[in-house]
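Understanding the architecture of this molecule
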Amino acid sequence: MFEVIFLQFLNGLDKGAAYALIALGLTLVFGTLGVVNFAHGALFMLGAFCAVTVRMFLTMETVTIDPEKLSPWGAPLEVREPLVQAWLGDFGAVLVNYSVPLSILITIPIMLLVGIGLERGIIKHFYKRSHAEQILVTFGLAIVAQEVIKSVFGPNPIPQPMPTDLRGAADIGAWLGMQANVITYPVWRLIYFIFAGVVIGGVFAFLQFTTFGMVVRAGMADRETVGLLGINIDRRFTIMFGLAAVVAGMAGVMYTPLLPPNYHLGMDFLVLSFVVVVVGGMGSLPGAVAAGFLLGILQSFASMNQVKAIFPGIDQIIIYLVAVIILLVRPRGLMGRRGVMEA
Amino acid sequence: MTTFMSRNDLFLFLGFTVVVLAMPIWLAPFGAGYPDLLQRFMIFGIFAVGFNILFGLTGYLSFGHAAFFGVGSYAAVWSFKLLTLDAIPAMIFAVVISGLFALVIGFLCLRRSGIYFSILTLAFAQMSYNLAYSVLTPITNGETGLQLTLADSRVLDAAMGQTFSGQPVPTLLGQQLGGYAGFYFCAGFLILAFFIAQRIAGSPFGMMLKAIKSNQTRMQFTGFNTRPYALSAFVISGMYAGLAGALLAVTDPLAGAERMQWTASGEVVLMTILGGVGTLVGPVIGAWIIKYFENILSALNDNILARFWSFLPEGAADFMVTITSKFVGDGWHLTLGLAFVIVVIFLPGGIMEGVRRIAAAFRRSGSSSAKPSARTQPAE
């Protein structure tokens, strides 16, 4: 029984990590700029499609027809020559193999630009307006992003293979001194979890140990006073928006091998991650991370057959149910500060 | 009559009635004068009017209204299946059921306000949607959708000794509700719905709701308990949504869970915002515009575009066709999203505010003395 529970716990980690990363970005934006960003799921999706684009470029190939040979069904044989391999040889093959992790390098600057552009271009005008209007404009932006992706990449999911070395399963049970081959876990999910841990740790370290982070934290506590001290807090908050976009984008890139991205990926994750933010407590960064993992793991447990036998359909609604209960019983969420958005 | 309705209200109501009833005539030149589309105009008009009673008057932004719409549809189809094919019992049944559903959900959701309220309604709607697809399949028939079959029991019809052959369709007093009959049936309900909304907006109850929107805290300090008022608005608005859902089931007796998805809730929000939040006719106009363009733009294809741009030189025409084809057909949601973003940024009051601004500009240029704005802001 312990093995089963431990396995479900592990299964919840990768989804929980994705929720935590998206919720972290949402909370950064809400905590700094006070904006409820319904377009954050779209940023996650844009990141995923950065990976798709990178792979498309890396796997570009020339197609020539070899007139001397025929394919088994008698048509002229097409010779496909991958360009990257032709130019770079074995190194090119490695590049293609590792296209997903490599895309992160390209995703970071792109998402930073997208985030800063979004904030300067549109969201900046909505600080003084109501939360309802912020929801509406970002919801509109999310629709636009989703439709642009749909018209460029088509409506079908585009599978992204993971690097060949990282396929297969890790025998975690054996590592922990248990019986071999009882608890196995796909390597890529493990990597996703570690990656999420590194990113989350990085964001917290950035906020905690750098002067920039200190100023941002001060601004989150009291924006006006920090502004009066002669610090250009608006610019730092803009950069934080860019950082949130980068976190969402990287989360999207690394998630592509687990779930082939399609155009409504963002919307699918958006609703859930909003629920995560609310459960964790609006504006609380540790709360967002904790709630992300908590809900991911709860969802994993709810989809066990034993649980479903007692509460049919619980796996479909568990996250919403938790959110409703938390909101009704403890509106500031698990770790929300007293008085912040308590209404 | 003067005590019953002010003259302006009466004119607005009569004008609205005439416009709605004459729709098959005046929409014909725009390529929208056919019953199928007109029925949807009416149905989503009702949905948007109802949504506006909650969002426009009280300021509570619900992101889960499609749940009531879907419940209304399911209730109506069940009435067709179990009781009778007549539309009236189905409508009553659907409105009652969705009203009860709204009462339960509203009672819980209205404990919070602002974004928390939005998330709560969203969570309930998503729960309904997910359950309709999974556990509640005996009631909802899952992905296939609930539909009428010849083998349904239809207790009342059987008691009346009516028998059917062929595919059962909803009727009204024995008359089939297809085509223009269906349109006028829906139009009657839209006019009724508009009338009730107008009466609510002008009543002391409506004033309470507007007061909740402008400053709920002050209301509470004055000694009012605001929650019963907000809950009444929520239930009324849920009943409107149920009515609209039932009408959709009358015109097309097939209820599916996708009507409850949160994107469907988003659509009614778009309609209301696009038309003008808090105005009476705005949401209806928003619903009509969205449904009209959904119909027109999604029907366009590259051939039609090529004909449209054919006056340009060869290369430029091809280029324009490639560009514009992204915005029509399957991509019309892109146009909708862009239009929506632009409206929220530049015209938060929607189309009605645009009309008002243009009218004001004309008035100003007509009479040289500029009149100061009559609207006063409450002192904070």
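As the structure is a prediction and not an experimental result, all values here were calculated from the model.

Now for the overall build of chain A. Regarding its fold elements, chain A presents 15 helices and four strands. Oriented by its inertia axes, the alpha-carbon framework of chain A measures out at about 75 × 55 × 35 Å. By the burial criterion, 51% of the 343 residues in chain A qualify as buried. Considering only intrachain contacts with a sequence separation of at least 6, the fraction spanning at least 24 residues in chain A is 72%. With an accessible surface of roughly 15,200 Å², chain A has 66% of that area assigned to carbon and sulfur atoms.

With that settled, consider the overall build of chain B. Helix and strand content of chain B: 18 helices and four strands. The C-alpha atoms of chain B give a radius of gyration of 22 Å, which matches the 21 Å a tight globule of 380 residues would have. If you line up chain B on its principal axes, its C-alpha atoms span 75 × 70 × 45 Å. With the model as given, the accessible surface of chain B reaches about 17,400 Å², and the carbon-plus-sulfur share is 67%. Separation between the mean location of the 21 positive side-chain charges and that of the 16 negative ones in chain B comes to 17 Å.

Contacts between chain A and chain B engage 39 residues on the former and 36 residues on the latter. Of the roughly 3,500 Å² buried between chain A and chain B on both sides combined, carbon and sulfur atoms contribute 81%. Across the chain A-chain B interface, the total number found is zero salt bridges. Summed over the shared surface of chain A and chain B, the result is four residue pairs in polar contact (both at pLDDT 80 or more). Among the secondary structure elements, those contributing two or more residues to the side of chain A that touches chain B are helix H6 (131-153), helix H12 (265-280) and helix H15 (314-329) of chain A. Considering every element that reaches the side of chain A that touches chain B, the biggest residue donor is H6 of chain A, with 14 residues. Considering only residue class, the side of chain A that touches chain B consists of 30 nonpolar, four polar and five charged.

Turning our eyes to something else, we now look at the UniProt feature "transmembrane region" (unreviewed entry) in chain A. Within the UniProt annotation, "transmembrane region" (unreviewed entry) is assigned to residues 16-36, 43-60, 91-114, 190-216, 237-258, 270-297 and 309-329 of chain A. Split by type, residues 91-114 of chain A is 96% helix and 0% strand. Its first and last C-alpha atoms lie 31 Å apart.

This brings us to the packing of aromatic side chains. All told, the structure shown has 31 aromatic pairs over all chains when counted by the stated rule. Each ring, one from Phe38 of chain A and one from Phe63 of chain B, has its centre 5.5 Å from the other, and the planes form 40 degrees; the classification is tilted. Note that Phe38 of chain A is positioned in the loop between helix H1 (2-33) and helix H2 (40-58) and Phe63 of chain B in the loop between helix H3 (35-58) and helix H4 (66-82), a pairing that runs across two chains. Classification of Phe38 of chain A by relative accessible area gives buried; the value is 3%. Since its relative accessible area comes to 0%, Phe63 of chain B is described here as buried. The interplanar angle of 25 degrees and the centroid separation of 4.6 Å between the aromatic rings of Phe47 of chain B and Phe69 of chain B together place this pair among those described as stacked.

Let's shift gears to the side chain of Thr256 of chain A. By the secondary structure assignment, Thr256 of chain A is in the loop between helix H11 (233-255) and H12. Filtering out sequence-adjacent residues up to four positions away, Thr256 of chain A remains in contact with Ala48, Ala51, Val100, Gln160 and Pro261 of chain A.

Residues and elements named next belong to chain B. UniProt records the feature "transmembrane region" (unreviewed entry) for residues 87-108, 115-136, 177-197, 228-248, 268-290, 311-328 and 334-355 in the present numbering. Strand forms 0% of residues 228-248 and helix 100%; the C-alpha atoms that close the span are 30 Å apart. Structurally, residues 311-328 comprises 67% helix and 0% strand, and the distance from its first C-alpha atom to its last is 20 Å.

The subject of this paragraph is the packing of helix H13 (residues 262-275) of chain B against helix H14 (residues 282-299) of chain B. Residues and elements named next belong to chain B. Running from N to C, H13 and H14 cross one another at 115 degrees; their axes reach a closest spacing of 7 Å. The way H13 lies across H14 gives a crossing that is right-handed. Note on element contacts: H14 touches H13 through Gly282, Pro283, Gly286, Ala287, Ile289, Ile290, Lys291 and Glu294, opposite Glu267, Leu270, Met271, Thr272, Leu274 and Gly275. For the contact of H13 with H14, the per-class residue count stands at seven nonpolar, four polar and three charged.

This part covers a nonpolar patch on the surface. Among the surface-exposed residues, Ile88, Ile92, Val96, Leu100, Leu103 and Val104 of chain B lie close enough to one another that they form a single nonpolar patch of about 520 Å² accessible area. Its location among the elements puts Leu100 of chain B in helix H5 (residues 87-109).

When the terminal C-alpha atoms of H13 of chain B are compared, their 20 Å separation across 14 residues agrees well with the 20 Å that a helix rising 1.5 Å per residue should span. The buried count for H13 of chain B comes to 13 of 14 residues, which makes it a mostly enclosed element.

A word on the pattern of salt bridges. Side-chain pairs of opposite charge can arise whenever the charged atoms involved come near each other. One pass over the full model with this rule turns up eight salt bridges over all chains. Close ionic contact of Arg120 of chain A with Glu119 of chain A constitutes a salt bridge, the shortest N to O distance being 2.9 Å. In this structure, Arg129 of chain A and Glu133 of chain A form a salt bridge, with 3.9 Å as the shortest nitrogen-oxygen distance. Looking at Arg129 of chain A, the relative accessible area reads 22%, which means it is partly exposed. Each of Glu267, Lys291 and Glu294 of chain B takes part in one network of salt bridges that share partners.

Turning to the confidence of the model for chain A, a few remarks are in order. Mean pLDDT for chain A: 85, with 98% of residues reaching 70 or above. When pLDDT is averaged over each element of chain A, helix H8 (residues 187-209) of chain A comes out on top at 92 and strand S2 (residues 76-82) of chain A at the bottom at 72.

Calculation criteria
- Position numbers for residues start from 1 in each chain and track the written sequence from start to end.
- Whichever chain is written first becomes A and whichever ligand is written first becomes 1, with later ones labelled in order.
- The predicted origin of the model limits local features to residues at a pLDDT of at least 70 and limits the giving and counting of side-chain atom pairs to 80 or more, whereas totals for whole chains, interfaces and linings rest on all residues.
- To get the side-chain values, all heavy atoms of the structure are used, and hydrogens and water are removed first.
- Runs of E in the DSSP output that reach at least two residues are strands. Runs of H or I that reach at least four are helices, and both are numbered from the N terminus.
- Each residue's exposure class comes from its accessible area (1.4 Å probe, protein chains only) as a fraction of the maximum for that residue type: buried when under 20%, exposed when over 50%, partly exposed otherwise.
- Throughout, a contact is declared for two residues whenever any of their heavy atoms are within 4.5 Å.
- Exposure was quantified through the Shrake-Rupley algorithm and a 1.4 Å probe, taking into account, for residues, occlusion by the shown protein chains and nothing else.
- In this setup the radius of gyration rests on C-alpha atoms only. A globule is expected at 2.2 Å times the number of residues raised to 0.38.
- The positive count covers Lys and Arg only, the negative count covers Asp and Glu only, and His and the chain ends enter neither.
- Note on charges: their place is set at NZ of Lys, CZ of Arg, CG of Asp or CD of Glu.
- Throughout, buried area stands for the accessible area (probe radius 1.4 Å) lost by two parts on being put together, summed over both.
- Every case where a carboxyl oxygen of Asp or Glu lies within 4 Å of a side-chain nitrogen of Lys or Arg is listed as a salt bridge.
- We define a polar contact as two N or O atoms separated by no more than 3.5 Å, with the added condition that, inside protein, one atom must be a possible hydrogen donor and the other a possible acceptor, whereas residues neighbouring each other in sequence contribute only through side-chain atom pairs.
- Asp, Glu, Lys and Arg are counted as charged, while Ala, Val, Leu, Ile, Met, Phe, Trp, Tyr, Cys and Pro are counted as nonpolar; the rest, among them Gly, fall into the polar class.
- UniProt positions are given in the numbering used here, feature names are shortened, and annotations may be inferred rather than shown by experiment.
- For Phe, Tyr and Trp, where Trp contributes only its six-membered ring, two rings pair if their centres lie within 6.5 Å, and the inter-plane angle classes them as stacked under 30 degrees, edge-to-face over 60, or tilted in between.
- The angle between two axes is taken between their N-to-C directions and runs from 0 to 180 degrees, where each axis is a line fitted to C-alpha atoms and a helix contributes only its stretch in contact.
- Handedness of a helix crossing follows the sense of rotation of the near helix relative to the far helix, less than a right angle counterclockwise being left-handed and clockwise being right-handed.
- Excluding any residue in a salt bridge, patches collect residues exceeding 30% relative accessible area, merging like charges within 9 Å and nonpolar Val, Leu, Ile, Met, Phe, Trp and Tyr side chains within 5 Å.
- For a helix, the expected span equals 1.5 Å multiplied by the number of residues minus one.
- The quantity called pLDDT is the predictor's confidence in a given residue, expressed from 0 to 100.

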